[in-house]
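Structural description and commentary
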Amino acid sequence: MVTFLQDTARNNLISWTAEAVRLGFARGAMLSPFSSPREGNGFKRSAIDTSESIRTAGGEFWFDPMTHALNMPRAGDFRFYDGWPLWSDTRGELVTAEHQRDHIRRVYDIQDGLGSPRLAPTVLVSYPDTPQSQLALILAGEAVTEDGGAWVAIAGDQQFWTSGAELDAHIGALDQLEPGGWLLTVSRSDNAMPPGATSDEIYGLMRSVYALSRDRPVRVAFGDLSALPAIAAGAESLGTGWDMRQRICAYQDFEERLGDAPGGGWYQRPTLAGLLGGLAQGEYRVLQSEDPERARALTPGTIGPRPGQAFMHHASVLAGVISELAPLQDRDRVEALRARYVAAGAEWPEVQRITHTRLGYANWIQPLLAGVDAFMAAEGWV
């Protein structure tokens, strides 16, 4: 029960995944057709080389078709995507049952060839009980009919995860399929960090995870720190990385990109375990200078200045929280995370006073804690 690494357009997925697996911070990685080419291109290695290298290093390798990204506004980053044989006809065509089955089988064929567990494609849903949500249910049903052990993806925007009883009904209908496992994604309108999660979104995500994880493993893609409440509700792992587009599933990261830039800037802000949030590098240096004892207490260990060092520290923080929650069950697990949020909330005011950071408790903790509280109240745990 540790993290898994989302794909990156950079050429370091193999080496950094192997290192994170060796250190016990990650279980493996997911390749995306939007971020990696099928064949090597002189900058990135081929998908089969990536798969074999990650598995040789002891990590899990998954291929996520990311079909739901085609539904994002202004989706247009197809420089790698169109090199994958995911469609026999028009890209994204899922109108007929024949189209649906063909796409599912093509996804499975690619996954089989790469040594990846089977993960079914899905579409992005904004509102339950709509034609798009019905298509998601149909695709999931066809995918499980084709392979009852396949994992099923559920992708929704923030509106979807805040839809209350309609969300519960949609999740309940999916749960009846009894697949091999679940991969959940929250899509967002931008890649600002921390993400603009709301208490209602967190509450809906926790309810969904709690229901689905009763008898199947659940993971949250692109979850990072904002998916810790899902871990508390029963998810086994969350996705993260060193680029913004590995930590957040944002519409803008699937828009057409100009030039050859990898996309997704390095995220080098130090993550402080005691704050369950981050500071700018300059702010962290101020904290170290003005209150070194507090700085050491909030984030034990050394955070190096280079991107790889910052990421490994971040992954260690996530893995530490997940490992702390893993042995616990139900109420105890949620209460343990809540206690961490309360403790972080007590530290943030002084850290903000010292560092003058504009992103503090209200951004990193408050909506997540409110979502946790709503979930606990609904379960009668308060």
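Details of the structure are given in the entry above.
Structure report, in brief. (Residues numbered from 1 in each chain as written. Predicted model: local features only at pLDDT ≥ 70, side-chain atom pairs only at ≥ 80, totals over all residues. Heavy atoms only, no water.)

Considerations on the overall build of the protein
On a plain count of helices and strands, the protein comes out with 15 helices and 12 strands. For 382 residues, the compact-globule formula gives about 21 Å, and the C-alpha radius of gyration of the protein, at 20 Å, lands near that figure. A principal-axis box enclosing the C-alpha atoms of the protein has dimensions of 65 × 55 × 35 Å. Of all 382 residues assigned to the protein, the portion counted as buried reaches 57%. For the protein, the accessible area works out to roughly 14600 Å², and carbon and sulfur atoms hold 48% of it. The centroid of the 33 positive side-chain charges in the protein is displaced by 6 Å from the centroid of its 47 negative side-chain charges. (Helix = DSSP H or I, 4+ residues; strand = E, 2+ residues; numbered from the N terminus. Rg over C-alpha atoms; globule rule 2.2 N^0.38 Å. Buried < 20%, exposed > 50% of the residue type's maximum accessible area, 1.4 Å probe, protein only. Areas by Shrake-Rupley, 256 points an atom, 1.4 Å probe, with all protein chains shown as cover. Lys, Arg positive; Asp, Glu negative; His and termini not counted. Charge placed at Lys NZ, Arg CZ, Asp CG, Glu CD.)

Remarks on the nonpolar core
In this structure, I154, L184, L228 and Y341 are the most contacted members of the largest nonpolar core, which totals 123 residues. Those residues in contact with L228, other than ones at most four positions away along the chain, are L238, L276, V321, I322, L337 and Y341. (Core = buried A, V, L, I, M, F, W, Y, C linked by side-chain atoms within 4.5 Å. Contact = heavy atoms within 4.5 Å.)

Points about helix α1 (residues 13-23)
Along α1, the positions that sit buried rather than exposed are L13, I14, W16, T17, A20 and V21. Of the surrounding secondary structure, the elements contacted by the buried residues of α1 are β1 (3-5), β2 (26-31), α2 (47-56) and α12 (307-325). Positive backbone phi, at 85°, marks G24, one or two positions downstream of α1.

A short note on the pairing of strand β3 (residues 60-63)
Of the strand pairs in this sheet, β2 and β3 are connected by four bridges, and their pairing is parallel. Across the sheet, the residue bridging to M30 is W62, located in β3. Handedness of the crossover is the feature at issue here: the chain leaves β2, passes through α2, returns alongside β3, and the resulting connection is right-handed. (Pairing = 2+ DSSP bridges. Right-handed = clockwise from strand over helix to strand, strands pointing away.)

Notes on the packing of aromatic side chains
Applying the stated rule across the entire model yields 13 aromatic pairs. The ring of F78 carries R91 above its face, with NZ or CZ at 3.6 Å from the centroid. Its end group placed over the ring of Y203, R207 keeps NZ or CZ at 4.4 Å from the ring centre. (Phe/Tyr/Trp six-rings, centres within 6.5 Å; stacked < 30°, edge-to-face > 60°. Lys NZ or Arg CZ within 6 Å of the ring centre and 35° of its normal.)

Examining the packing of helix α13 (residues 330-355) against helix α15 (residues 366-378)
For the pair α13 and α15, the least separation of the axes is 10 Å and the interaxial angle reads 150°. Considered as vectors, α13 and α15 are oriented roughly antiparallel to each other. Here the hand of the crossing between α13 and α15 comes out left-handed. Mapping the contact onto sequence places V334, E335, R338 and Y341 in α13 and L368, L369, V372, D373, F375 and M376 in α15. Considered class by class, the residues forming the contact of α13 with α15 number seven nonpolar, no polar and three charged. (Axes fitted to C-alpha atoms, helices over the stretch in contact; angles between N-to-C directions. Parallel < 35°, antiparallel > 145°, perpendicular 65-115°, else oblique. Left-handed = near helix turned anticlockwise from the far one by under 90°. Nonpolar A, V, L, I, M, F, W, Y, C, P; charged D, E, K, R; others polar.)

Let's talk about the environment of A336
Following the sequence through the fold, A336 ends up in helix α13. In sequence terms A336 and E324 are 12 residues apart; their C-alpha atoms lie 8.4 Å from each other. Filtering out sequence-adjacent residues up to four positions away, A336 remains in contact with E324, L325 and L328.

Some thoughts on the pattern of salt bridges
In total, this model carries 28 salt bridges according to the counting rule given. Two residues, R10 and D243, come together in a salt bridge whose shortest N-O distance is 2.8 Å. One end of the pair, R10, is in the loop between β1 and α1; the other, D243, is in the loop between β9 (237-240) and α9 (244-247), and 233 residues separate them in sequence. Here R10 and D243 have matching classes, each one buried. (Salt bridge = Lys/Arg side-chain N within 4 Å of Asp/Glu carboxyl O.)

Some points on α15
Here α15 spans 18 Å end to end across 13 residues, near enough to the 18 Å set by a 1.5 Å rise per residue. For α15, the secondary structure elements touched by its buried residues are α7 (199-212), α8 (228-233), α13 and α14 (361-364). Backbone geometry just after α15 places G380 at a positive phi near 75°. (Expected span 1.5 Å × (residues − 1).)

Let's talk about the side chain of H313
For H313, the position within the fold is in helix α12. Of the residues examined, H313 reaches a relative accessible area of 8% and is grouped as buried. Once residues within four sequence positions are removed from consideration, H313 is found in contact with T271, T299, P300, T302 and I303.

Focus: the packing of helix α4 (residues 131-146) against helix α6 (residues 164-175)
Relative placement of two packed helices is described by the angle separating their axes and the distance separating the axes. Across the interface, α4 lies against α6 with an axial gap of 10 Å and an inter-helix angle of 15°. Judged on the interaxial angle alone, α6 and α4 are roughly parallel. Regarding α4 and α6, the two cross each other, and that crossing is right-handed. Together, S133, A136, L137 and A140 of α4 and H170, A173 and L174 of α6 make up the contact between the two elements. Taken together, the residues of the contact of α4 with α6 sort by class into five nonpolar, two polar and no charged.

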